[in-house]
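Okay, here's what each chain looks like letter by letter:
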Amino acid sequence: MSSNIVLTVDVREGTGKGAARAARREDLVPGVVYGGSLGPVSINLRGNEIRKALLSGNFLSHIIELNHEGKNQKVIARDIQFHPVSDKAMHVDMYRVEAGTKIRVNVPVQFQNEETCPALKRGGVLNIVRHDLELMCPASEIPEFIAVDLTGLEIGDSIHMSAVGLPKGVKPTIARDFTIATLQGSRAVLTELDEGEGEAEGDAEAEEEGGEE
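In this report, the structure presented in the accompanying data block is examined. Since we're looking at a predicted model, the values are computed, not measured.

### Quick notes on the layout of surface pockets
Here comes step 1: If you add up the space inside the largest pocket, you get close to 250 Å³.
Here comes step 2: Together, Val9, Val11, Val33, Leu38, Val41, Ile43, Leu66, His68, Lys71, Asn72, Gln73 and Arg96 line the largest pocket.
Here comes step 3: Among the elements of the structure, β1 (5-11), β3 (41-46), β4 (64-68) and β5 (71-82) are those that each provide at least two residues to the lining of the largest pocket.
Here comes step 4: Counting residues per element, the lining of the largest pocket draws most heavily on β5, at 3 residues.
Here comes step 5: Its residues assigned to classes, the lining of the largest pocket comprises 7 nonpolar, 3 polar and 2 charged.
Here comes step 6: In this structure, the second largest pocket spans a volume of roughly 180 Å³.
Here comes step 7: Taken together, Gly57, Leu60, Ser61, Ile76, Ala77, Arg78, Arg104, Val105, Asn106 and Glu134 form the lining of the second largest pocket.
Here comes step 8: Only β5 and β7 (102-112) provide two or more residues apiece to the lining of the second largest pocket.

This is the structure in structure tokens:
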């Protein structure tokens, strides 16, 4: 996954609540960069750039480049705190991404071939248990999404993690074979299936009675 988010940062000299409040008054978002071979560094980010990055929907799942005086550092956002009333970004934690780094990240699930899925064509419902998957990935190769193919699935079928293909080097963080989604029948479909089974049983009984005569 390539980075398309670049944020301008300044090193924040002061620490503590006073320095953070002063930064916010200037529409800056205080944060910290940590991880890798270097120690933690307090930073300030531009408020307008953070707002734009958040609107992209990729802020917490994409590699971000921090630009400081012409030098770039790749990071991934690990945590962001918001104001409880205004929802403005208040503080951001950034984790350095270096060569060979593996990180834990949530990747969205994308369901494919819904239009040809037998269960859905019969009026069934896709019940999504997990909209995203927590994966351990090489930091330079975070997938945009994980594809789940619905081809050939019938009402009553379940999709488990073991049935989903993952890119090389990517593994789920949960060891058990958990459920991602199920194909359920709507009330109308289930009624139709029950009636169909009842008719089939009635026909079988009539054939048996006719054979006895």
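### What about the pairing of strand β2 (residues 28-34)?
Here comes step 1: A large share of β2 lies buried, amounting to 6 of its 7 residues.
Here comes step 2: Pairing of β2 with β3 involves 6 bridges; the strand directions are antiparallel. Residue pairing in the sheet places leucine 28 in a bridge with arginine 46 of β3.
Here comes step 3: The turn joining β2 and β3, which pair antiparallel and follow one another in sequence, is formed by 6 residues; a positive phi near 95° is taken by glycine 35.
Here comes step 4: Pairing geometry for β2 and strand β6 (residues 89-96), over 4 bridges, is parallel. Pairing of valine 32 across the sheet is with aspartate 93, part of β6.

### Section: the sheet that holds strand β8 (residues 125-128)
Here comes step 1: With respect to topology, 3 strands assemble into an open sheet ordered β8-β13-β11, the strand pairing being antiparallel. Since the sheet does not close on itself, it has two edges, and those belong to β8 and β11 (158-160), each with one partner. Across the sheet, the axes of successive neighbouring strands diverge by a mean angle of 15°, strand direction being ignored.
Here comes step 2: Pairing of β8 with strand β13 (residues 179-184) involves 4 bridges; the strand directions are antiparallel. Bridging from a neighbouring strand, leucine 126 pairs with leucine 183 of β13.

### Re the side chain of histidine 91
Here comes step 1: For histidine 91, the location among the structural elements is in strand β6.
Here comes step 2: Residues in contact with histidine 91, not counting those within four places in the same chain, are Val29, Pro30, Gly31, Val32, Asp79, Ile80 and Gln81.

### Quick look at the pattern of salt bridges
Here comes step 1: Under the criterion given, the structure shown has 3 salt bridges.
Here comes step 2: With a shortest N-O distance of 3.0 Å, arginine 51 and aspartate 27 are connected by a salt bridge. Taken together, the positions of arginine 51 in helix α2 (residues 47-55) and aspartate 27 in the loop between α1 (17-25) and β2 put the pair 24 residues apart, joining distant regions of the chain.
Here comes step 3: Judged by relative accessible area, arginine 51 falls into the partly exposed class, the value being 39%.

### Remarks on the sheet that holds strand β9 (residues 132-138)
Here comes step 1: If you trace the 4 strands from one edge of the open sheet to the other, you get β10-β7-β9-β12, paired in mixed fashion. Strand pairing shows two members of the sheet lacking a second neighbour, β10 (146-149) and β12 (171-172), which therefore form its edges.

### A word on the environment of isoleucine 50
Here comes step 1: Tracing the backbone shows isoleucine 50 in helix α2.
Here comes step 2: Residues isoleucine 50 and lysine 88 lie 38 residues apart in sequence; the distance between their C-alpha atoms is 9.6 Å.
Here comes step 3: Excluding residues that lie within four positions of it along the chain, isoleucine 50 makes contacts with Leu7, Val29, Leu45, Phe59, Ala89 and Val92.

### Topic: unusual backbone geometry
Here comes step 1: In this model, aspartate 27 sits at a positive phi of 60°, which is unusual for a non-glycine residue.
Here comes step 2: Positive phi, close to 55°, is recorded for glutamate 69, a residue that is not glycine.

What counts, and where the lines are drawn
- Residues numbered from 1 in each chain as written.
- Predicted model: local features only at pLDDT ≥ 70, side-chain atom pairs only at ≥ 80, totals over all residues.
- Heavy atoms only, no water.
- 1 Å grid on protein atoms, 1.4 Å probe; cavity = no way out; pocket = protein on both sides within 12 Å on 5 of 7 lines; lining within 4 Å.
- Points joined across faces, edges and corners; volume = space filled by probe spheres on them.
- Helix = DSSP H or I, 4+ residues; strand = E, 2+ residues; numbered from the N terminus.
- Nonpolar A, V, L, I, M, F, W, Y, C, P; charged D, E, K, R; others polar.
- Buried < 20%, exposed > 50% of the residue type's maximum accessible area, 1.4 Å probe, protein only.
- Pairing = 2+ DSSP bridges.
- Axes fitted to C-alpha atoms, helices over the stretch in contact; angles between N-to-C directions.
- Contact = heavy atoms within 4.5 Å.
- Salt bridge = Lys/Arg side-chain N within 4 Å of Asp/Glu carboxyl O.

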